[in-house]
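Structural overview
Each chain, letter by letter, is given below.
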Amino acid sequence: MSDKNDNAPAVADALNALLADSFALYLKTKNYHWHVQGPHFRELHLLFDEQAAQIFRATDLIAERVRKNGAPTLRSIGDVGRRASIRDDDSAGADAEAMIRALAGDNKVLLGQLKAVKAAAEADGDIATSGLVDGWADETQQRIWFLEATLGY
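Residues numbered from 1 in each chain as written. Predicted model: local features only at pLDDT ≥ 70, side-chain atom pairs only at ≥ 80, totals over all residues. Heavy atoms only, no water.

Attention shifts here to the overall build of the protein chain. Helix and strand counts for the protein chain stand at five helices and zero strands. Mapped from its N terminus to its C terminus, the protein chain presents α and β elements in the order α-α-α-α-α. Computed over C-alpha atoms, the radius of gyration of the protein chain comes to 16 Å, within 12% of the 15 Å expected from 2.2 N^0.38 for 153 residues, which places it in the range of a compact globule. Projected onto its principal axes, the C-alpha positions of the protein chain cover 60 × 30 × 20 Å. Here the protein chain, with 153 residues, has 46% of them falling under the buried criterion. Residue pairs at least 24 apart in sequence account for 81% of intrachain contacts in the protein chain once pairs closer than 6 positions are excluded. As displayed, the protein chain has an accessible area near 8,200 Å², and 55% of this comes from carbon and sulfur atoms. Across the protein chain, the 17 positively charged side chains and the 23 negatively charged ones have centroids separated by 2 Å. (Helix = DSSP H or I, 4+ residues; strand = E, 2+ residues; numbered from the N terminus. Rg over C-alpha atoms; globule rule 2.2 N^0.38 Å. Buried < 20%, exposed > 50% of the residue type's maximum accessible area, 1.4 Å probe, protein only. Contact = heavy atoms within 4.5 Å. Areas by Shrake-Rupley, 256 points an atom, 1.4 Å probe, with all protein chains shown as cover. Lys, Arg positive; Asp, Glu negative; His and termini not counted. Charge placed at Lys NZ, Arg CZ, Asp CG, Glu CD.)

Listed below in structure tokens is the structure:
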């Protein structure tokens, strides 16, 4: 049997990737919250704000799991930018449907990150991280569901 900490760097690396994507998704969701327009403005404005708040709440818990695994975590916006796989949307005037599609896709990317964290945590026997990931995955799946239901599929 391997030593408990053999996979700790993998857990911390997976958590830091998740943290970077969480910050990127948070900022993108807030961007859309601020800029959405159209006949469903109020509904989408509120939905995006709720989802952004949920994502932001998870960031501190993710960073603390990195530290509890004995590793450093992200230190700057530049660090987030270098590590994030979710891309910014700096376009002016994206329509509401494009915003919803982008966020649904990005939440699916985040769900993939969560699966990577879960696998690393389970390989390390890190049941605390593994358990937290379950809740974050459920929240992410709910965001995907709400976004896709808004589009009618």
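Axis separation between helix H1 (residues 8–35) and helix H4 (residues 96–124) bottoms out at 9 Å; the angle between their running directions is 165°. Considering their axes alone, H1 and H4 lie roughly antiparallel with respect to each other. Considering only the axes of H1 and H4, their crossing is left-handed. Of the residues assigned to the contact of H1 with H4, the class counts are 19 nonpolar, five polar and four charged. (Axes fitted to C-alpha atoms, helices over the stretch in contact; angles between N-to-C directions. Parallel < 35°, antiparallel > 145°, perpendicular 65-115°, else oblique. Left-handed = near helix turned anticlockwise from the far one by under 90°. Nonpolar A, V, L, I, M, F, W, Y, C, P; charged D, E, K, R; others polar.)

Further remarks concern the packing of aromatic side chains. In this description, a pair of aromatic rings is defined by centroid distance and the angle of the planes. Summed over the entire model, instances satisfying the criterion amount to three aromatic pairs. Centroid distance tyrosine 26 to phenylalanine 56: 5.0 Å. Interplanar angle 40°. Geometry classified as tilted. With tyrosine 26 in helix H1 and phenylalanine 56 in helix H2 (residues 41–68), this residue pair connects regions lying 30 residues apart in the sequence. Relative accessible area serves as the criterion here: at 42%, phenylalanine 56 is assigned to the partly exposed category. Taking the centre distance of 6.3 Å and the plane angle of 50° together, the rings of tyrosine 32 and phenylalanine 48 count as tilted. Taken together, the positions of tyrosine 32 in helix H1 and phenylalanine 48 in helix H2 put the pair 16 residues apart, joining distant regions of the chain. (Phe/Tyr/Trp six-rings, centres within 6.5 Å; stacked < 30°, edge-to-face > 60°.)

Along the chain, aspartate 89 falls in the loop between helix H3 (77–83) and H4. Here aspartate 89 is buried and forms no salt bridge, its nearest opposite-charge partner lysine 28 lying at an N-O distance of 5.7 Å. Of the polar contacts made by the side chain of aspartate 89, one reaches the side chain of tyrosine 32; its length is 2.5 Å. (Salt bridge = Lys/Arg side-chain N within 4 Å of Asp/Glu carboxyl O. Polar contact = N/O pair within 3.5 Å; in protein donor to acceptor, adjacent residues only side chain to side chain.)

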